[in-house]
Amino acid sequence: MEQITLQAYAKVNLTLDIQGRRKDGYHLLRSVMQSISLADTITLQKKGRGQGISLHSDHPSVPDDEHNICWRAAQAFEQHTQLSGGVAVSISLAKKIPVAAGLGGGSADAAAVLYGLNKLYGTGLELAKLQQIGLTIGADVPFCLQGGTCLVEGIGEAIRPVGPFPSVTMVLVKPKAGVSTAQIYRGLDPATYGGDSTDRLLEFMTNRTDTPLASILENALESVTSVLVPEVGIWKGRLLEHGALVSLMSGSGPTVFGLFSEELPAQRFLERFQHEVQVFGVTLMDRGVCSR
Ligand code: ATP
């Protein structure tokens, strides 16, 4: 195999509880993460032996060099596999997932690179090994390799599939501002540690209780981001006004999502606001990476 093209799916956090902070500064989380159909396309093409890594991204704020998480993923793969002659690959990245948006776009891309190199070089690494390599690059990479609906704990290393989530229509709204994940975590008040929305969602999914989703889904980072980006609260409100069962921010934001039980109100929302803000109608996926 000389070339592989992959879809790298974004994620949303259906819940996000912060359990505490480790001495090294990493936050411990409990989150139900969900892969969604919004995807970047990544093509990996093998180059001649010894030619190293090269990268082209079609997005102005996504670097073309070793600062790109895809580049770092390829380097990490090379280190762990110790392939003779090293990794020689040209990476081409077509971004659709908004950058710095709480949708894990970089992590999805890194997961796709690890998955793709494992195929391209026939190294046969198991998922758990790829996830171990992925964790050295970013906390969400192991989940993106697994994909679907998962309980994610620790700093992102403990992953358990818990899906599928009930069938819903999802709408994403990405306000113009981008936020830095590190900055949002720095603004977190330890008094908010220990939420239990993840437990409530797991209970809901296991026993199919009739508790409204709006009283279950929470994101501990939302209160921090919404002070910096007031559009978070505004768009959450608009999604509810237009018939969403629940609206919530994903990850460190500022993207918010709404879950609708029917397609029509979701469609109306997309048509009404598509000229004002970035909106996406997406479906839930049972995987994080797929080759096409
Ligand atoms: P998360 O939800 O995991 O916090 P995010 O959506 O907030 O992710 P990303 O879009 O993954 O954030 O990454 C944002 C930063 O990483 C930007 O500063 C961007 O320049 C840099 N970056 C490096 N490589 C990539 C990549 N392949 N895709 C997107 N951003 C990248």
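Residues numbered from 1 in each chain as written. Predicted model: local features only at pLDDT ≥ 70, side-chain atom pairs only at ≥ 80, totals over all residues. Heavy atoms only, no water.

(A) Inspection of the side chain of serine 247 at higher detail. Looking at where serine 247 falls in the secondary structure, it is placed in strand β8 (residues 246-249). One polar contact links the side chain of serine 247 to the main-chain carbonyl oxygen of lysine 236, over a distance of 2.9 Å. Apart from residues lying up to four places away in sequence, serine 247 is in contact with Lys236, Leu239, Leu240, Phe257 and Gly258. (Helix = DSSP H or I, 4+ residues; strand = E, 2+ residues; numbered from the N terminus. Polar contact = N/O pair within 3.5 Å; in protein donor to acceptor, adjacent residues only side chain to side chain. Contact = heavy atoms within 4.5 Å.)

(B) Summary view of the pattern of salt bridges. Enumeration according to the criterion identifies 11 salt bridges in this entry. A salt bridge links glutamate 153 to arginine 30; its shortest N-O distance comes to 2.4 Å. With glutamate 153 in strand β5 (residues 149-154) and arginine 30 in strand β2 (residues 27-46), the pair connects residues that are 123 residues apart, well separated along the chain. With a shortest N-O distance of 3.0 Å, aspartate 109 and lysine 95 are connected by a salt bridge. With aspartate 109 in helix α2 (residues 105-120) and lysine 95 in the loop between β4 (89-94) and α2, this pair connects stretches of sequence that are 14 residues apart. Look at aspartate 109 and you get buried, because its relative accessible area is 2%. Linked by salt bridges that have partners in common, Arg30, Glu153 and Asp199 make up one network. (Salt bridge = Lys/Arg side-chain N within 4 Å of Asp/Glu carboxyl O. Buried < 20%, exposed > 50% of the residue type's maximum accessible area, 1.4 Å probe, protein only.)

(C) Layout of the site of the ligand. If you check the shell around the ligand, you find 22 residues, and the closest are Ser61, Lys95, Ala100, Gly106 and Thr181. Between the ligand and lysine 11, the relevant distance is 3.4 Å, taken from an oxygen atom to a side-chain nitrogen or oxygen of the residue. When the ligand is considered free in solution it has 620 Å² of accessible area, and contact with the protein chains removes 78% of it. Counting residues per element, the ones that place at least two in the shell around the ligand are α1 (69-81) and α2. Looking at the shell around the ligand element by element, the count peaks at 4 residues for α2. Partitioning the shell around the ligand into residue classes produces 9 nonpolar, 9 polar and 4 charged. (Near = heavy atom within 4 Å. Areas by Shrake-Rupley, 256 points an atom, 1.4 Å probe, with all protein chains shown as cover. Nonpolar A, V, L, I, M, F, W, Y, C, P; charged D, E, K, R; others polar.)

(D) Examining the state of the cysteines more closely. Tallying each qualifying case throughout the model produces 0 disulfides. In this structure cysteine 70 is a free cysteine whose sulfur lies 11 Å from that of cysteine 144, the closest cysteine sulfur available. Relative accessible area serves as the criterion here: at 0%, cysteine 70 is assigned to the buried category. Between cysteine 290, a free cysteine, and cysteine 144, which holds the nearest cysteine sulfur, the sulfur-to-sulfur gap is 14 Å. (Disulfide = S-S within 2.5 Å.)

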